[in-house]
Amino acid sequence: MSVTSEAAAQWSGSLFEGSGQVTLTSSGQGVFPVNWKARSEGSDSVTTPEELLAAAHASCYCMALSNALAQNGTPPENLQASASVTFTPGTGITGSHLNVSAVVPGISAEDFDRLAEEAKSGCPVSQALAGVEITLEASLA
């Protein structure tokens, strides 16, 4: 069974002076403003496509790593992951950096590092981002 998730965007005006919003239509979980200034300069009050992509990457990676650890017989007690997606105006998205801290009883550091790397490449969002560099920092807490 496949699942299709949807979001919608609305934009008014030119790229540099205009603005818009993104609506998470499948879940109904929110409407988020977007504009070029936030995307090209950063913002703490307006989202960007890259922030939404980072949320998708961090959550997908957590799921992939959780599954890999459980299949290894060492399910995690807790995973804390973040993704930092870099956007360069004129170039585009240039990379995503994953950072994960995990509490995993009974696992060796070597097994954890191996599974963390495998989850990075096996995560469906990582696969969708295959055209950019994906880096990982993984640690046991």
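Heads up: the structure comes first, above all this text.
This write-up is about the structure you can find in this document. Here the structure is a predicted model, which is why all the values come from computation and not from measurement.

Cut-offs used in this document
- Residues numbered from 1 in each chain as written.
- Predicted model: local features only at pLDDT ≥ 70, side-chain atom pairs only at ≥ 80, totals over all residues.
- Heavy atoms only, no water.
- Helix = DSSP H or I, 4+ residues; strand = E, 2+ residues; numbered from the N terminus.
- Buried < 20%, exposed > 50% of the residue type's maximum accessible area, 1.4 Å probe, protein only.
- Contact = heavy atoms within 4.5 Å.
- Areas by Shrake-Rupley, 256 points an atom, 1.4 Å probe, with all protein chains shown as cover.
- Pairing = 2+ DSSP bridges.
- Axes fitted to C-alpha atoms, helices over the stretch in contact; angles between N-to-C directions.
- Expected span 1.5 Å × (residues − 1).
- Core = buried A, V, L, I, M, F, W, Y, C linked by side-chain atoms within 4.5 Å.
- Salt bridge = Lys/Arg side-chain N within 4 Å of Asp/Glu carboxyl O.
- Phe/Tyr/Trp six-rings, centres within 6.5 Å; stacked < 30°, edge-to-face > 60°.
- Lys NZ or Arg CZ within 6 Å of the ring centre and 35° of its normal.

### Description of the overall build of the chain
Step number 1: For the chain, the count of helices and strands is four helices and six strands.
Step number 2: The linear arrangement of helices and strands in the chain, starting from the amino end, is β-β-β-α-α-β-β-α-α-β.
Step number 3: The principal-axis extent of the C-alpha atoms belonging to the chain is close to 55 × 35 × 25 Å.
Step number 4: The buried share among the 141 residues of the chain stands at 33%.
Step number 5: Put simply, 49% of the contacts in the chain that link residues at least 6 apart link residues at least 24 apart.
Step number 6: With the model as given, the accessible surface of the chain reaches about 8300 Å², and the carbon-plus-sulfur share is 52%.

### Section: the sheet that holds strand β6 (residues 133–140)
Step number 1: The sheet built from three strands is open, its strands ordered β4-β5-β6 with mixed pairing. The strands lining the two open edges of the sheet, one partner per strand, are β4 (78–88) and β6. For this sheet the average axis-to-axis angle between neighbouring strands, irrespective of direction, equals 15°.
Step number 2: Where strand β5 (residues 92–103) and β6 come together, eight bridges link them in parallel fashion. Residue pairing in the sheet places S101 in a bridge with S139 of β6.
Step number 3: Most of the contacts of helix α3 (residues 109–122) go to β6, to which it runs at about 150°, and overall it touches β5 and β6.

### A short note on the pairing of β5
Step number 1: The pairing of β4 with β5 spans eleven bridges and is antiparallel. Following the sheet pairing, A81 is matched in β5 by V100.
Step number 2: The antiparallel hairpin formed by β4 and β5 contains three residues in its connecting segment, where G90 sits at a positive phi of about 90°.

### Overview of α3
Step number 1: Counted at 1.5 Å a residue, the expected span for α3 with its 14 residues is 20 Å, and the 20 Å between its end C-alpha atoms agrees.
Step number 2: Elements in contact with the buried residues of α3: α2 (49–71), β5, α4 (124–128) and β6.

### What to know about the nonpolar core
Step number 1: The biggest cluster of nonpolar side chains holds 27 residues, and the ones touching the most others in it are Y61, L65, L69 and F112.
Step number 2: Of all the secondary structure elements, the ones that give two or more residues to this core are α2, β4, β5, α3 and β6.
Step number 3: Discounting residues that sit within four places of it in the chain, L65 has contacts with L79, V100, F112, L115, A116 and A119.

### What about the pattern of salt bridges?
Step number 1: In this structure the tally under the stated criterion is five salt bridges.
Step number 2: Here R39 ties to E50 by a salt bridge, and the two come within 2.6 Å at their closest N and O atoms. Here R39 is found in helix α1 (residues 36–41), whereas its partner E50 is found in helix α2, with eleven residues between them in sequence.
Step number 3: Among the salt bridges present, the one from D111 reaches R114, with a minimum N-O distance of 3.5 Å.

### Here's the deal with the packing of aromatic side chains
Step number 1: Throughout the structure, instances matching the rule amount to two aromatic pairs.
Step number 2: Ring geometry for F16 against W36: centres 5.7 Å apart, planes inclined by 85°, an arrangement best described as edge-to-face. Of the two residues, F16 sits in the loop between β1 (8–12) and β2 (19–24) while W36 sits in helix α1, which places them 20 residues apart along the sequence.
Step number 3: Ring centres of W36 and F87 lie 5.9 Å apart, and the angle between their planes is 85°; on these two criteria the pair is classed as edge-to-face. With W36 in helix α1 and F87 in strand β4, this residue pair connects regions lying 51 residues apart in the sequence. Across the pair, F87 and W36 agree in class, each one buried.
Step number 4: One aromatic cluster in this structure is built from F16, W36 and F87.
Step number 5: A cation over an aromatic ring shows up here: R39 above the ring of F87, its NZ or CZ 4.3 Å from the ring centre.

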